[in-house]
Structure formats: structure tokens, C-alpha cells
Amino acid sequence: MAFDLGFRRSCVVAAILALGAAPAAAQQQDLLLGYLAATTGPFSALAKRNAVAVEIAVEDINAAGGINGKKLAVTSFDTGGKPEQAVTGVTRFAQDMPALAVIGPFSTSECRVSFPTGERLGISQMSMASSAPKVAAPFTFAFRNATDEAYTYERLFKTLKAKGYAHGSASIAYATDDSVSQTLGTKVLPEAIKNAGVPLEETVSFRVAAFDLAPQVSQLLQKPTDLIAVGTPPEPMLKLSAELRRQGHKGRMLGGSTTADAELPARMGANGEGTVITATFFSGMPDERTQKFVKAFEAKLKAKGEQVFEPNQFDAATYDIVMMYATAMKNAKVTGDPSKLAAERAAIRDEVRKLKDFPALVGPLSINSEGDAIKTIYVLEAKNGRWELVDTHKN
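The present account deals with the structure reproduced in this document.

About the cut-offs
- Residues numbered from 1 in each chain as written.
- Predicted model: local features only at pLDDT ≥ 70, side-chain atom pairs only at ≥ 80, totals over all residues.
- Heavy atoms only, no water.
- Axes fitted to C-alpha atoms, helices over the stretch in contact; angles between N-to-C directions.
- Helix = DSSP H or I, 4+ residues; strand = E, 2+ residues; numbered from the N terminus.
- Parallel < 35°, antiparallel > 145°, perpendicular 65-115°, else oblique.
- Left-handed = near helix turned anticlockwise from the far one by under 90°.
- Contact = heavy atoms within 4.5 Å.
- Nonpolar A, V, L, I, M, F, W, Y, C, P; charged D, E, K, R; others polar.
- Buried < 20%, exposed > 50% of the residue type's maximum accessible area, 1.4 Å probe, protein only.
- Pairing = 2+ DSSP bridges.
- Salt bridge = Lys/Arg side-chain N within 4 Å of Asp/Glu carboxyl O.
- Polar contact = N/O pair within 3.5 Å; in protein donor to acceptor, adjacent residues only side chain to side chain.
- Core = buried A, V, L, I, M, F, W, Y, C linked by side-chain atoms within 4.5 Å.

### Regarding the packing of helix α13 (residues 313-331) against helix α14 (residues 341-353)
Link 1 in the chain: Two elements in contact, α13 and α14, have axes separated by 8 Å at closest approach and are oriented at 115°. When the axis of α13 is compared with that of α14, the two are roughly perpendicular. The two elements α13 and α14 cross, and the hand of that crossing is right-handed. Each of Tyr325, Ala328, Met329 and Asn331 in α13 lies in contact with α14, whose residues at this interface are Ile348, Glu351 and Val352.
Link 2 in the chain: In terms of residue class, the contact of α13 with α14 is made up of 5 nonpolar, 1 polar and 1 charged.

Here's what the structure looks like:
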């Protein structure tokens, strides 16, 4: 690969490069996007198949004639979920190659350091997952195809009340060593519970890698509550749900986008039955576009010899990021001419900011003044090893 530069790629990302990003001479003929992957790290369960969604989007765009007469290509850098690697990746995309914009990074902790770097270098980044409040707001080149957790939890509590779920009391359990989880536990969840008029009984914290959560659960169950709102990546949910059931907890867990893993209900099994979360995509929607994407996603995994799973909300968000960039490039009449690189990067940014009611895979989507996507919120419940749709909140 001409753009080696120490890039670390997973096998699935390498598949994208084989399909999309060409050697240097060919890339001069293509319109190039950078992709900050997170195939390892605390959110890898949510992020590790985002590359498949990128691959599908690139194929769809190029099969339809490309963009302004040119093919779209993608080159990738694996951050491992580490903020410092996200900075390295966006710097290389901006300075060492003619990337027009960047897909990612994934997490809030990465965005908090890579967004200022992208702003300084004049290249757009769009996260598929970061959801702590106002992370993109200070910057002009920063976007998030994700919805603020405060917005989603407000709708979650509306559903709990409207559907008659027990909500007489709540507690909070959150991870301290992940940026968005800590923001959830210390700011978003207490405020959402207060605004919902639900008494907050107890708050406990733990580290993502904690082996034994028995002390935290024992503390929670000194004051049993109907709801335990969780701020954590998916993996600790497995331990937490098992320990809650072992100690006799009868209520349900609540989660937001950090737990929107398509596999989580099956992995938690009976321990997670009744868990309610918010998501911005539901693979069970019967519309033609959703099912076409789901089938293409599953077919890609099967062809790669990987276990077949349904796409999660971050896979759908990643697909839509590529589509939004493609639309912005078309509207800006981007050429990929190296002598116009700075101006075309700025033009892409300006066109993304104009997007209103964009026909995204997840439904109509608009970019608000803080650089965040406003879109439909789905409330899902874990039943019999699957997420089932409980409620829908249009944007």
C-alpha cells in the first residue's frame, strides 16, 4: 500500500482498502475519505463491524456512477479506541494524503481530542457514536451522526410512563474510566431522572474492566429500585446484569446508545430480560431500505467467513455518514484536485451543515447548529434474546 505510514488495519478494514482505496497513482483519480476505525478497545463490540457498512456504502455509491464522475475510495486507520491514536489518524489523513473528509472517530473520548485537531487542519470529521453533550458544538469541522444522550433519555422516560413500566424509583451504575460513561453517570442520568420526576436512590461506580461487581450491586440493593440506569459500554452490562439477578434484583436496567449492541440481549440471556434502551436504528423495521441494508450487511459477513449478525445503530450511522459526505461532495462539485484541497474540504463542511431532512437509512435526518444529527429515536426492550420495538419518537 502506498499509504502505509504505520497504519494499523484489521482484516475487515483491509477488505475495504482492497475494494475502495487504491494505490497513490489511482487515488489521484478518486475522491478519498479517511476512516478512523475502532476495531479494538472498550467499544469494539459496537464498532468492529462499522467497516462493513462503509464497504456497502462505497459500493452503492460507485455502482450508481460515483460522485461528479469519479469513484469514491476509503483509506483506514485503526485507533484502537485510543484518543491519541485518533489524533494521529486525522493528522495523517489531513497532511499526508488527499482525504477530503473523515468518517469517525467512534467514541467521545476520541472526539474530544481529534475534533480540535481536525479544526486546526481544516478537515471534517463525523462520529458515528459520540453522544456526550455538546462535544462537536465548539467546532465548525466537527459533526456527529449521533444524538445527545440527554435527548434520548428524555424520550426513554416518556415511553416508560406512557407504556406503564414501573418507574417509582431509580439508581445509577456507571463506569468511571470511559469519557461518555462518566458523563452519563455524573451529569446526563441524574438530570434525566430528576426531570422525569423519579426519585434517585443510589449511585455506584466501577471500572470497565472490573471483575467483581458484587460490592456495587450490594450497595444498590440496600435500596431496591424499579430502574437501574446504566452508563457503560456493553461488556460490563454482562457482568452487571448477572450480578443483579444473582443478588435478587427484580427491576430492570435502562441503557442508551452506549449499550445499543445488536448482540447484547442474546449475550445477557435471562439476566438481561426486560432491559430497555434507546437506539437510532432498529434492524427489524419492515421498510425496503432497512431490509436491503440488513441483508447486504449479513451477506458481507458471511462472505468474509465471519459470524453473521444484524447491523447495529452504529453500523447504520456509519453507512449514512458516507452517504452524507457523498451528497455534500456532489453539491459542492468537488473535483479532488490537490490544488483545491483546502477549499474543497471547507465546501464539504459547509454542505454538511446545510443538510435538512436528509433521506438517511435511519429516516429523515438533519444537522443542528451544534453539529449533531437530529433523528428518530427507537425504544427497544430485550425479550427472548432479541431487541423488540417498544416505541418510536420522530425527530
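### Brief notes about the pairing of strand β2 (residues 72-78)
Link 1 in the chain: With 7 of 7 residues buried, β2 is to be regarded as a mostly interior element.
Link 2 in the chain: Burial of the side chains of β2 extends over both faces: Leu72, Val74, Ser76 and Asp78 are buried on one face and Ala73, Thr75 and Phe77 on the other.
Link 3 in the chain: Looking at chain direction, strand β1 (residues 31-37) and β2 are connected through 7 bridges and run parallel. Across the sheet, Leu32 pairs through a bridge with Ala73, a residue of β2.

### Quick word on the sheet that holds strand β9 (residues 252-255)
Link 1 in the chain: Pairing in this open sheet of 7 strands is mixed, and the strands run β7-β6-β8-β9-β10-β14-β15 from one edge to the other. Edge positions in the sheet fall to β7 (200-206) and β15 (386-393), since each of these pairs with one other strand and no more. Taking each pair of neighbouring strands and ignoring which way they run, the sheet shows an average axis angle of 25°.
Link 2 in the chain: Summarising the sheet, strand β8 (residues 227-231) and β9 pair through 3 bridges and their orientation is parallel. Within β9, the residue paired with Ala229 across the bridge is Leu254.
Link 3 in the chain: Packed on one face of the sheet, helix α8 (residues 179-195) meets β6 (170-175), β7 and β8 and runs near 165° to β6.
Link 4 in the chain: Where helix α10 (residues 234-246) meets the sheet, its contacts fall on β6, β7, β8 and β9, and the angle it forms with β9 comes to roughly 160°.

### A word on the pairing of β1
Link 1 in the chain: Most of β1 sits out of view: 7 of its 7 residues are buried.
Link 2 in the chain: Neither face of β1 is exposed, since Leu31, Leu33, Tyr35 and Ala37 on one face and Leu32, Gly34 and Leu36 on the opposite face are all buried.
Link 3 in the chain: With 4 bridges connecting them, β1 and strand β3 (residues 99-103) associate as parallel partners. Bridging from a neighbouring strand, Leu33 pairs with Ala101 of β3.

### A closer look at the pattern of salt bridges
Link 1 in the chain: Following the criterion strictly, the structure yields 16 salt bridges and no others.
Link 2 in the chain: Here Lys158 makes a salt bridge to Glu154, at a shortest N to O gap of 3.8 Å. Of the two residues, Lys158 and Glu154 both sit in helix α7 (residues 149-162), 4 residues apart, roughly one turn of that helix.
Link 3 in the chain: Taking relative accessible area as the criterion, Lys158 reaches 46% and is therefore assigned partly exposed.
Link 4 in the chain: Each member of the salt-bridge network shares a partner with another, and the members are Glu55, Glu59, Lys300 and Lys304.

### Here's the deal with the side chain of Lys300
Link 1 in the chain: Examined against the element boundaries, Lys300 turns out to sit in helix α12 (residues 288-303).
Link 2 in the chain: Polar side-chain contacts of Lys300 include one of 3.3 Å to the side chain of Glu55.

### Points about the sheet that holds strand β5 (residues 142-144)
Link 1 in the chain: If you trace the 5 strands from one edge of the open sheet to the other, you get β2-β1-β3-β4-β5, paired in parallel fashion. One side of each edge strand has no neighbouring strand; the edge strands of this open sheet are β2 and β5. Taken over all neighbouring pairs, the strand axes of this sheet differ in orientation by 25° on average, direction set aside.
Link 2 in the chain: When β3 meets strand β4 (residues 125-127), the two strands line up parallel, connected through 2 bridges. Within the sheet, the bridge partner assigned to Val102 lies in β4 and is Gln125.
Link 3 in the chain: Here helix α4 (residues 50-63) sits on the sheet in contact with β1, β2 and β3, set at roughly 165° to β2.

### Observations concerning the environment of Ile67
Link 1 in the chain: Mapped onto the elements, Ile67 comes out in the loop between α4 and β2.
Link 2 in the chain: The class of Ile67 is buried, set by a relative accessible area of 0%.
Link 3 in the chain: The sequence separation of Ile67 and Ala303 amounts to 236 residues, and the corresponding C-alpha distance is 27 Å.
Link 4 in the chain: Among all residues touching Ile67, those that are not within four sequence positions of it are Leu31, Ile61, Leu72, Ala326, Met329 and Lys330.

### Topic: the nonpolar core
Link 1 in the chain: With 90 residues, the main nonpolar core has Ile103, Tyr325 and Met329 as its most contacted residues.
Link 2 in the chain: When residues in this core are grouped by element, the largest group, 12 residues, is from α13.
Link 3 in the chain: Those residues in contact with Ile103, other than ones at most four positions away along the chain, are Leu33, Gly34, Tyr35, Leu36, Val54, Val74, Met126, Met128, Thr318, Ile321, Val322 and Tyr325.

### Things to note about the packing of helix α6 (residues 108-121) against α8
Link 1 in the chain: At a closest axis distance of 6 Å, the pairing of α6 and α8 adopts a crossing angle of 110°. When the interaxial angle is binned, α6 and α8 end up roughly perpendicular. On the side of α6, the interface is formed by Thr108, Ser109 and Arg112, while α8 contributes Ser179, Val180 and Thr183.
Link 2 in the chain: Across the contact of α6 with α8, the residue classes break down as 1 nonpolar, 4 polar and 1 charged.

Purely spatial values, then, with no claim about function.
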